[in-house]
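# Structural overview
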Amino acid sequence: MQSGAGDAKVREIVAFTATYAAKHFALEESHMARVNCPVAIQNKQAHAQFLKRFGEIKAKVDAGGVTASVSIETMRELSTWITTHIKTIDTQLAKM
Ligand SMILES: [Fe+2]
């Protein structure tokens, strides 16, 4: 944002996340189901919520462009995802 690249970068992140997440989530959910992972349902629900939140962010970008508010929201969503979901839910698959 400070260098003026915030708009393009946020658009890139939102577009990448939408396509990558959908593919990755489907693969991860199939692996969890296959090994009867105890957090499989919780994982699937969290994925749906994440995709919904990013859909909302994308809609904001499409409607009003990349504002400072949207940039911060994007960063927070991704940071929270990494520090909560990946560390607590996704790592359960590695234990199977
Ligand atoms: Fe996950």
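This text follows the structure it describes.
The notes below deal with the structure included here. Because the structure is a prediction, the values reported are computed rather than measured.

## A few points about the overall build of the protein
- For the protein, the count of helices and strands is three helices and zero strands.
- Its helices and strands in sequence order give the protein the pattern α-α-α, from N to C terminus.
- Summarising its shape, the C-alpha atoms of the protein cover approximately 45 × 20 × 15 Å along the three principal directions.
- Split into buried and exposed, the 96 residues of the protein put 28% on the buried side.
- By sequence separation, contacts in the protein at least 24 residues apart represent 75% of the contacts at least 6 residues apart.
- Each charge class in the protein can be summarised by its mean position, and for the 12 positive and 9 negative side chains these summaries are 3 Å apart.

## Points about the environment of Ile13
- Its location among the elements puts Ile13 in helix 1 (residues 6-34).
- Ile13 gets classed as partly exposed once you look at its relative accessible area, which sits at 27%.
- Between the alpha carbons of Ile13 and Ile57 there is a distance of 11 Å; along the sequence they are 44 residues apart.
- Not counting the four nearest positions on each side in its chain, Ile13 is found in contact with Thr74 and Leu78.

## Notes on the coordination of the iron ion
- Protein ligation of the iron ion involves Glu28 (OE), Asn43 (OD1), His47 (NE2), His85 (NE2) and Asp90 (OD), the donor distances falling in the range 2.0 to 2.3 Å.
- In primary sequence terms, the donor set of the iron ion follows E-x14-N-x3-H-x37-H-x4-D. Of this pair, Asn43 sits in helix 2 (residues 40-64) while His85 sits in helix 3 (residues 68-94), and the two are 42 residues apart along the sequence. Each member of the pair, Asn43 as well as His85, is classed as buried.

## Observations concerning the packing of aromatic side chains
- Following the criterion strictly, the structure yields five aromatic pairs and no others.
- On the numbers, 5.6 Å between centres and 40° between planes, the contact of Phe25 with Trp81 is tilted. Of the two residues, Phe25 is situated in helix 1 and Trp81 in helix 3; the sequence distance between them amounts to 56 residues.
- Here Phe25 falls in the buried class, since its relative accessible area comes to 5%.
- A relative accessible area of 13% means that Trp81 is categorised as buried.
- Feature note: the residues Phe25, Phe50, Phe54 and Trp81 constitute an aromatic cluster, connected by ring pairs.

Reading the values: the criteria
- Residues numbered from 1 in each chain as written.
- Predicted model: local features only at pLDDT ≥ 70, side-chain atom pairs only at ≥ 80, totals over all residues.
- Heavy atoms only, no water.
- Helix = DSSP H or I, 4+ residues; strand = E, 2+ residues; numbered from the N terminus.
- Buried < 20%, exposed > 50% of the residue type's maximum accessible area, 1.4 Å probe, protein only.
- Contact = heavy atoms within 4.5 Å.
- Lys, Arg positive; Asp, Glu negative; His and termini not counted.
- Charge placed at Lys NZ, Arg CZ, Asp CG, Glu CD.
- Donors = N, O, S within 2.8 Å, 3.2 Å for Na, K, Ca; no water.
- Phe/Tyr/Trp six-rings, centres within 6.5 Å; stacked < 30°, edge-to-face > 60°.

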